[in-house]
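Inside the fold
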Amino acid sequence: MSETQSAFVTGASRGIGRAIAKLFASNGIRVTCASRTIEALDEVVSEIRESGGEAHAIRLDVSDMSDFASAVAESADKFGSVDFLVNNAGIVKDNLLLRMKENDWDTVIDINLKGCFNGIKAVTPIMMKKRSGRIINISSVSGMMGNAGQANYSAAKAGMIGLTKTTARELASRSITVNAIAPGYIATDMTSDLNDQVKEDLINHIPLGRIGTADEIAETVLFLCSAAAGYITGQTIAVNGGLYM
Ligand SMILES: NC(=O)c1ccc[n+]([C@@H]2O[C@H](COP(=O)([O-])OP(=O)(O)OC[C@H]3O[C@@H](n4cnc5c(N)ncnc54)[C@H](OP(=O)(O)O)[C@@H]3O)[C@@H](O)[C@H]2O)c1
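Read on for a plain summary of the structure. Keep in mind that this is a model prediction, so the values were computed, not measured. (Residues numbered from 1 in each chain as written. Predicted model: local features only at pLDDT ≥ 70, side-chain atom pairs only at ≥ 80, totals over all residues. Heavy atoms only, no water.)

The subject of this paragraph is the packing of aromatic side chains. Throughout the structure, instances matching the rule amount to two aromatic pairs. Relative to F84, the ring of F24 lies with its centre 5.9 Å away and its plane at 15 degrees, an arrangement referred to as stacked. Taken together, the residues F24 in helix 1 (residues 15-26) and F84 in strand 4 (residues 84-87) connect sequence positions 60 residues apart. F84 shares its class with F24; the two are buried. (Phe/Tyr/Trp six-rings, centres within 6.5 Å; stacked < 30°, edge-to-face > 60°. Helix = DSSP H or I, 4+ residues; strand = E, 2+ residues; numbered from the N terminus. Buried < 20%, exposed > 50% of the residue type's maximum accessible area, 1.4 Å probe, protein only.)

As structure tokens, this is what we get:
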């Protein structure tokens, strides 16, 4: 492909999404960084520009379908197209099932699962017209193995795996691939609240003996967007240090 490629990354204001946006940019890919906090996105965009990359910030709540459609349209306008979509935005609202509030169920499903559906809906017409595209959905080890205290989150993350497989089948004839990545425990704000004892117990269950880094997830995303991954679709790539096999 001769023209510069462009990516749309949700949840790019911090953690894994920020690492993905920065890795894309350092590989010459133009990046739209989206999340709800424009100030944090502006910082990421400035850092990318200072290192010679091209980036653009858009305020977006992924659970709002029309918001997502407008954000993708703005990104396509700015960079000419959207070649890669990374549905990375996510939240946790953990509690045991018996204590979980209906609202905490709904919010987690709306952001993590419906947000992913909204993103795929928004980019699909652009990618279908171009007859190419890569969609990467950031699921979780919790969606593969379950996790006590995460009924809402693990259901959303397992739902993303089903959504990945179905959309991979529907979009394959247009040369669009759809894959999921299921990270294990990664050092970000999402896991920073775990106390030292919980962290130590966790590490004891991880064959590679450590928590992962956001950069390790970003590298997997970049691989799935590369020519080398052109024949991979409908898959969930586990990046979890062996926690779940
Ligand atoms: N860290 C882990 O151990 C781990 C493990 C497995 C899977 N994951 C998944 O990896 C993804 C990234 O997690 P992380 O660890 O980087 O989390 P994080 O540090 O908490 O960052 C979450 C990102 O999502 C954005 N976000 C949240 N709600 C949003 C909404 N409604 N609309 C748009 N953006 C929204 C946040 O930005 P704003 O607050 O600015 O909106 C932020 O950029 C999530 O899907 C998470 O479930 C993480």
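So that's the structure; there's more coming.
Next up on the list: the site of the ligand. Near the ligand lie 30 residues; those nearest to it are S13, R36, T37, Y153 and T188. At a separation of 3.2 Å, an oxygen atom of the ligand approaches a polar side-chain atom of R14. Contact between the ligand and R36: an oxygen atom at 2.7 Å from a side-chain N or O atom of the residue. Notes on the ligand: free accessible area 880 Å², of which the protein chains cover 96%. Only helix 1 and helix 6 (151-171) provide two or more residues apiece to the shell around the ligand. For the shell around the ligand, the class distribution of residues is 13 nonpolar, twelve polar and five charged. (Near = heavy atom within 4 Å. Polar contact = N/O pair within 3.5 Å; in protein donor to acceptor, adjacent residues only side chain to side chain. Areas by Shrake-Rupley, 256 points an atom, 1.4 Å probe, with all protein chains shown as cover. Nonpolar A, V, L, I, M, F, W, Y, C, P; charged D, E, K, R; others polar.)

Its twelve residues place the ends of helix 1 17 Å apart at the C-alpha level, agreeing with the 16 Å of an ideal helix rising 1.5 Å per residue. Within helix 1 the residues assigned to the buried category are I16, G17, A19, I20, A21, L23, F24 and A25. (Expected span 1.5 Å × (residues − 1).)

What follows concerns the nonpolar core. Ranked by size, the top nonpolar core spans 33 residues in total, and within it I20, F24, C33, V86, I136 and V221 carry the most contacts. At the level of elements, strand 1 (6-10), helix 1, strand 2 (30-35), helix 2 (38-50), strand 3 (55-59), strand 4, strand 5 (133-138) and helix 8 (214-224) are the ones that each hand at least two residues to this core. In terms of residue count, the dominant contributor to this core is helix 1 (seven residues). Excluding residues within four positions of it along the chain, F24 makes contact with A7, V9, I29, V31, F84, V86, V221, L222 and C225. Membership of the second largest hydrophobic core comes to 30 residues, among which are A71, V82, I109 and M160. (Core = buried A, V, L, I, M, F, W, Y, C linked by side-chain atoms within 4.5 Å. Contact = heavy atoms within 4.5 Å.)

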